[in-house]
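Analysis of the macromolecular model
Read off the chains here:
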Amino acid sequence: MHDAVWLNANLATMVDGYGAIRNGALAVTDGRISWTGTKWTGKAREEHDARGAWILPGFVDCHTHLVHAGNRANEFEQRLKGASYEDIAKAGGGIVSTVRATRAASEADLLAQANRRLRHWLAEGTAVVEVKSGYGLDRHTELKMLRVARKLQGVTVKTTFLGAHALPEEYKGRPDAYIDFVCDEVLPAAASENLVDAVDVFCERIAFTPAQTGRVFQAAKRLGLPVKLHADQLSDLGGAALAAKHGALSADHIEHSSEQGIEAMARAGTAAVLLPGAFYFLRETRLPPLDALRRHKVPIALATDNNPGSSPLSSPLLAMNMACTLFRMTPEEALAGFTVNGARALGMHASHGTLERGKAADFALWDIESPAELAYAIGANPCIGRVRGGNSAPCNSAPGT
Ligand code: DI6
Ligand code: FE
């Protein structure tokens, strides 16, 4: 006897492409998928009629900076008047302006702002959200951000420590001393409170060097934590190869990564995370090396990179459309990016990302004719139901209700 079954459904299992099962059914027991297929003959305590809707695995947004205070609409105006992202950062704007606001915000206020943002992901059938710190750049606020991330409701949250996101004003001109502080004090403190699932670094000219990145990765390794990297976003510093060398779960952005870097990722099993929102919002022109990723069979994940400075994007659906329109990914690749490969980039592919027996019963129902519609339509949201741990939850439910 299963707990519940969804009948008259089309399943996009996301096993080997769409892995479509038409006119099928999906059953759940103890919060896990217990059956998928066409000819349902089983018994279930609860029966749901999907009326021909498509069922997809709950989306996995494997790269966000969703916890932060305020927004930077003012800088958007400055950039449209000609200032570059780097000019604004050098003039004391950019990441450090969000740092000032986030340091000043209370934990309750930060949580309220993040839960308000999270509604957009819930409305679009999301099951897992990765949330980075990185707007505190001191011990108190980095841990405050991670605690807030752990309190978010309605989705499974994976936290990532990103203390090495930017150099705080109090360490101006002393990046190595700041990296000492991050490695010897802040990261161990966060890990000791079990606030960290992975460790990330912004390896870039306007942030930290490959050598400084290596030190943070060593500190993570000492704590038994996996690593991820903001790699080669604005220039090629060899970030892709560096991430692979440290066995990273993922290398993210990678617009400027070399063929050798992609090959190293393939050998190391490091996933690529492409972030079309930042590419679009910063009006970048250098496309990520999609052909090399396909040729070397590197799993390609997609994410919103939600952040106030370079990607104020809160829609996985729009991110998928951007990935197809701007990066020339196929809709099948885009959906795999927010399901099976998104889960892989978080080391969660054993429990999430596909509709298979034993996986978490976290999925969503869509009023569509074909899965490709989810990447095709701009601005529409055909989500008609969300299921979490086998329990139905309306798409537009407020977090915590
Ligand atoms: N790369 C980015 O695009 C964001 N962080 C990063 O490492 C920018 C974050 C911000 O501007 O607030
Ligand atoms: Fe990012």
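Everything here concerns the structure above.
Note that this is a predicted model, so its numbers are computed, not measured. (Residues numbered from 1 in each chain as written. Chains lettered and ligands numbered in written order. Predicted model: local features only at pLDDT ≥ 70, side-chain atom pairs only at ≥ 80, totals over all residues. Heavy atoms only, no water.)

1. A short note on the packing of aromatic side chains
Evaluated as defined, the whole model comprises ten aromatic pairs. With centroids separated by 5.7 Å and ring planes inclined at 20°, the aromatic side chains of Tyr171 and Phe181 adopt a geometry described as stacked. Of this pair, Tyr171 sits in the loop between strand E8 (156-164) and helix H6 (175-192) while Phe181 sits in helix H6; the two residues are ten residues apart in sequence, bridging distant segments of the chain. Note on Tyr171: relative accessible area 15%, which makes it buried. Within the aromatic cluster, the residues linked to one another by ring pairs are Tyr171, Tyr178, Phe181 and Phe208. (Phe/Tyr/Trp six-rings, centres within 6.5 Å; stacked < 30°, edge-to-face > 60°. Helix = DSSP H or I, 4+ residues; strand = E, 2+ residues; numbered from the N terminus. Buried < 20%, exposed > 50% of the residue type's maximum accessible area, 1.4 Å probe, protein only.)

2. Focus on the environment of Ala20
Following the sequence through the fold, Ala20 ends up in strand E2 (residues 20-29). Taking C-alpha positions, Ala20 is 9.7 Å from Ser370, a pair spaced 350 residues apart along the chain.

3. Details of the coordination of the iron ion (ligand 2)
At this site the iron ion (ligand 2) is bound by His63 (NE2), His65 (NE2), His230 (NE2) and Asp305 (OD), with donor distances of 2.1 to 2.3 Å. Considering all four donor atoms around the iron ion (ligand 2), the spread of angles at the metal, 84 to 170°, places the coordination shape in the irregular class. Taken in sequence order, the residues that donate to the iron ion (ligand 2) follow the motif H-x1-H-x164-H-x74-D. Here His63 is found in the loop between strand E6 (59-61) and helix H1 (73-80), whereas its partner Asp305 is found in the loop between strand E13 (300-302) and helix H12 (316-327), with 242 residues between them in sequence. Take His63 and Asp305: they sit in the same class, and that class is buried. (Donors = N, O, S within 2.8 Å, 3.2 Å for Na, K, Ca; no water. Tetrahedral: all angles 85-135°; square planar, octahedral: opposite > 155°, others 65-115°.)

4. Description of H6
Turn by turn, an α-helix covers 3.6 residues, leaving residues three or four places apart pointing in a common direction. Helix length check: H6 (18 residues) gives 24 Å between terminal C-alpha atoms against 26 Å at 1.5 Å per residue, within 8%. A bend of about 40° at Val182 is the largest found in H6. In this structure, the buried residues of H6 make contact with helix H5 (139-151), E8, strand E9 (198-203) and helix H7 (210-222). (Expected span 1.5 Å × (residues − 1). Bend = angle between axes of the 7 residues up to and from the residue. Contact = heavy atoms within 4.5 Å.)

5. Comments concerning the sheet that holds strand E11 (residues 250-253)
Strand order in the open sheet formed by eight strands is E6-E7-E8-E9-E10-E11-E12-E13, and the pairing between neighbours is parallel. Both outer strands of the open sheet, E6 and E13, are each paired with one neighbouring strand and no more. Each adjacent strand pair in this sheet contributes to an overall mean axis angle of 25°, direction not counted. The strands touched by H12 are E6, strand E7 (126-132), strand E12 (271-274) and E13; relative to E6, the strand with the most contacts, the crossing angle is about 75°. (Pairing = 2+ DSSP bridges. Axes fitted to C-alpha atoms, helices over the stretch in contact; angles between N-to-C directions.)

6. Here we look at the side chain of Gln233
Along the polypeptide, Gln233 turns up in the loop between strand E10 (228-231) and helix H8 (239-245). Among the polar contacts made by the side chain of Gln233, one reaches the side chain of His253 at a distance of 3.4 Å. With sequence-adjacent residues up to four places away left out, Gln233 is seen in contact with Phe202, Glu204, His253, Glu255, His256, Ala278 and Leu282. (Polar contact = N/O pair within 3.5 Å; in protein donor to acceptor, adjacent residues only side chain to side chain.)

7. Remarks on the environment of Glu255
Turning to its location among the elements, Glu255 is positioned in the loop between E11 and helix H9 (259-268). Glu255 sits in the buried class, given a relative accessible area of 3%. With 32 residues separating them along the chain, Glu255 and Leu287 place their C-alpha atoms 5.6 Å apart. Setting aside residues up to four positions removed in sequence, Glu255 forms contacts with Asp232, Gln233, Leu275, Phe279, Arg286, Leu287, Pro288, Pro289 and Phe327.

8. Observations concerning the site of ligand 1
With respect to spatial proximity, the complete set of residues near ligand 1 consists of Arg72, Tyr85, Ile95, Tyr135, His165, Phe202, His230, Gln233, His253, Asn307, Gly309 and Ser310. Side-chain polar atom of Arg72 to an oxygen atom of ligand 1: 2.6 Å apart, as the coordinates give it. Tyr135 places a polar side-chain atom, nitrogen or oxygen, 2.6 Å from an oxygen atom of ligand 1. Alone, ligand 1 offers 320 Å² of accessible surface; in the complex the protein occludes 100% of this. A class-by-class count of the residues in the shell around ligand 1 yields four nonpolar, seven polar and one charged. (Near = heavy atom within 4 Å. Areas by Shrake-Rupley, 256 points an atom, 1.4 Å probe, with all protein chains shown as cover. Nonpolar A, V, L, I, M, F, W, Y, C, P; charged D, E, K, R; others polar.)

On their own, these measurements won't tell you what the molecule is for.
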